[in-house]
Structures are given as C-alpha cells and as structure tokens.
Amino acid sequence: MVARAAAAPDLPALDAAVADCFACPRLVAWRERVAAERRAAFRDQTYWGRPVPGFGAPDAAIGILGLAPAAHGGNRTGRIFTGDRSGDVLFAALHRAGLANQPTSVAADDGLALAHTRIFAAVRCAPPDNKPLPAERDTCAPWLHRELALIRPTLRVVVALGAFAWAAWWPAARAVYGHRPPSPRPAFGHGTHVSLPGMPDLLGSYHVSQQNTFTGRLTPAMLDEVFGRAKELAGLA
C-alpha cells in the first residue's frame, strides 16, 4: 500500500486508490457490515461502505485533519463529514468563515464546494466505536502522507480536529516535510498554535463530535475563532 500511495500522481488518482483499499481486515469487515445492516433511518439507501477519500480544493491553503469517517456519515455517503451531526457543525462553521459555498453537507452530490480548504482523515475507514487501532492508523498513514505531499505547494496551515488527529500530524509532517517533531511534542489543546520553520502552521481544535458540541465543550464561537485564525495564518483574511 505504501507503493500505491506514493505512485499516485495527483489527487484524483489518490482518491481512487484510497477508495479501493482493503489493507485492514477489521476495518473492512466493520465498514461492510455497517453498509449491509444499515441504520433504520437510512434503510432505503445504498451505503458507500468503502474508504473515504479527502475532499476539497486541490490547491488548498488550509487542511483540516480529522480522525476517521463516521459509520453512518461518510461510510454511508462516501464523503468525509457528510450526512452526520459532526458534519453539520463543521460545514456550518466553514460557511460562516467563507470557506464553503453552503452550510450543509448531506450527500456527495449536494453541490457543496470548499474554497482554499481540503478535509482528510488520519484513518480512511469507519472504525468500530470510532476507535481505530494504532496498527490501523499506521497502515493508513501513507494515504495521508501522499495527500499532504500533493497539496504541499499551497498548504499553509493544518487544523487538527481532536487529539487523535493532532498525534497523527507529527509523523505525517516528518514523512512529508522531513522535520523531526519537537521533543517533547506540543500538547494538544483547543486553540493551540504551533509554528515551526519549513512546515505548515498547526492549530488544534476540539473535534466536532456530538460529545463536544452537545455538551457545550465546543461552541460555534470557538470554531469561528479557530477558522478565523486559520485564514489569517493562510493569508486569506
């Protein structure tokens, strides 16, 4: 799989290769089981049931790094953060920031387009209990590394959604930019900003999960602040 990822000459080729990955047996079994059983509310729909590629502008200045697709969101619709409550929060914030043409993301053919922004996950398959194993994260890493390499010419800032994405960034940055992470690594926190020479700026944000948004741990105003800062760092403000 490392060779397949490295051989992708552009984002469309990478996306196609990602969608055809069967490297992790546990994740393959889970994504296909969910797609076959389906949630009652989506009983009449055909689930994607495959790895979910990145989505957004090929010349992105802002990258948004998430954890993994949701079982009945991206694993159903085939587009990251699409068709679930987390996506509702994320794309509403991106729309307010002027980085999305609409505030909703319900289906892969709904007309959504991102400006200057690309979204991708550390793990491309929906995992059981939304918890990938370390070995699955590491197996999936070449897809992330290649995606970052392809948008490297324009990428200026990465927003890491949650501690898992924050941790996944450091080996990816080393693989793509050739820089060792600081020791000790900067701790994750909402609004934390790390700027290192020769690399995109890194911003931390609490994940847009219901666990955070329904409890008030992450509010729309907090997200607006993060994306406003990201635009400033990317030279878009």
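Computed from a predicted structure; not experimentally measured.

Draft legend 1. Local environment of helix α7 (residues 163-177). Over its 15 residues, α7 extends 21 Å from the first C-alpha to the last, a length consistent with the 21 Å expected when each residue adds 1.5 Å. The principal kink in α7, of about 25 degrees, is found at Pro-171. Listed in full, the buried residues belonging to α7 are Ala-165, Trp-166, Ala-168, Trp-169, Trp-170, Ala-172, Ala-173, Val-176 and Tyr-177. Along its buried surface, α7 packs onto β2 (62-66), α6 (134-151), β4 (157-161), β5 (193-194) and β6 (201-205).

Draft legend 2. How the structure looks around the sheet that holds strand β1 (residues 55-56). With mixed pairing, six strands are arranged side by side in an open sheet as β1-β3-β2-β4-β6-β5. Every interior strand has two partners, whereas the edge strands, β1 and β5, have only one. Strand direction decides the pairing type here: β2 and β4, joined by four bridges, are parallel. Bridging from a neighbouring strand, Ile-62 pairs with Val-157 of β4.

Draft legend 3. Just the packing of helix α5 (residues 85-96) against helix α9 (residues 220-233), in detail. Put simply, α5 and α9 touch, their axes get as near as 9 Å, and they point 55 degrees apart. Classified by the angle their axes make, α5 and α9 are oblique. Helix-helix and strand crossings are classified by hand; for α5 and α9 the assignment is right-handed. Between α5 and α9, the contacting residues are Val-89, Leu-90, Ala-93, Leu-94 and Arg-96 on the first element and Pro-220, Leu-223, Asp-224 and Phe-227 on the second.

Draft legend 4. Representation of helix α2 (residues 11-19). Among all positions in α2, only Leu-11, Leu-14, Asp-15, Ala-17, Val-18 and Ala-19 are buried. At its buried positions, α2 is contacted by α1 (2-7), β3 (117-121) and α6. At the N-terminal end of α2, a side-chain oxygen is found 2.9 Å from the backbone nitrogen of Ala-13, two or three residues along, and the residue is Asp-10.

Draft legend 5. Up close: the packing of aromatic side chains. Within the structure shown, the criterion is met by four aromatic pairs. Each ring, one from Trp-169 and one from Tyr-177, has its centre 6.4 Å from the other, and the planes form 50 degrees; the classification is tilted. For the pair Trp-169 and Tyr-177, one class covers both residues: buried. Consider the rings of Phe-188 and Tyr-206, whose centres lie 6.3 Å apart with planes at 65 degrees: the pair is edge-to-face. Within this pair, whereas Phe-188 is found in the loop between α7 and β5, its partner Tyr-206 is found in the loop between β6 and α8 (210-213), the two being separated by 18 residues in sequence.

Draft legend 6. Seen up close, the environment of Gly-66. Its location among the elements puts Gly-66 in strand β2. Classification of Gly-66 by relative accessible area gives buried; the value is 2%. Along the sequence, Gly-66 and Ile-80 sit 14 residues apart, while their C-alpha atoms lie 9.0 Å from each other. Gly-66 has contacts with Phe-120, Ala-121, Ala-122, Leu-161 and Ala-165, leaving out every residue within four places of it along the chain.

Draft legend 7. View of empty space enclosed by the protein. By the definition in use, this model includes one cavity of 30 Å³ or more. Estimated volume of the largest cavity: approximately 100 Å³. Forming the boundary of the largest cavity are 17 residues, of which Cys-21, Ala-23, Cys-24, Cys-125 and Cys-140 lie nearest the centre. Those elements that place two or more of their residues in the lining of the largest cavity are α3 (25-37) and α6.

Draft legend 8. Spatial organisation of the side chain of Thr-213. The topology assignment puts Thr-213 in helix α8. If near-sequence neighbours (up to four positions away) are discounted, Thr-213 is found in contact with Val-89, Val-208 and Leu-218.

Draft legend 9. The arrangement of the layout of surface pockets in detail. What the largest pocket holds in volume is close to 760 Å³. The wall of the largest pocket is formed by 31 residues, among which Ser-86, Asn-130, His-207, Ser-209 and Gln-210 lie closest to the centre. Broken down by secondary-structure element, the contributors of at least two residues to the lining of the largest pocket are α5, α7 and α8. When residues of the lining of the largest pocket are assigned to their parent elements, the largest contribution, three residues, is made by α8. Looking at the lining of the largest pocket residue by residue, the classes come out as 15 nonpolar, 11 polar and five charged.

Quick notes on the rules
Residues numbered from 1 in each chain as written. Predicted model: local features only at pLDDT ≥ 70, side-chain atom pairs only at ≥ 80, totals over all residues. Heavy atoms only, no water. Helix = DSSP H or I, 4+ residues; strand = E, 2+ residues; numbered from the N terminus. Expected span 1.5 Å × (residues − 1). Bend = angle between axes of the 7 residues up to and from the residue. Buried < 20%, exposed > 50% of the residue type's maximum accessible area, 1.4 Å probe, protein only. Contact = heavy atoms within 4.5 Å. Pairing = 2+ DSSP bridges. Axes fitted to C-alpha atoms, helices over the stretch in contact; angles between N-to-C directions. Parallel < 35°, antiparallel > 145°, perpendicular 65-115°, else oblique. Left-handed = near helix turned anticlockwise from the far one by under 90°. Polar contact = N/O pair within 3.5 Å; in protein donor to acceptor, adjacent residues only side chain to side chain. Phe/Tyr/Trp six-rings, centres within 6.5 Å; stacked < 30°, edge-to-face > 60°. 1 Å grid on protein atoms, 1.4 Å probe; cavity = no way out; pocket = protein on both sides within 12 Å on 5 of 7 lines; lining within 4 Å. Points joined across faces, edges and corners; volume = space filled by probe spheres on them. Nonpolar A, V, L, I, M, F, W, Y, C, P; charged D, E, K, R; others polar.

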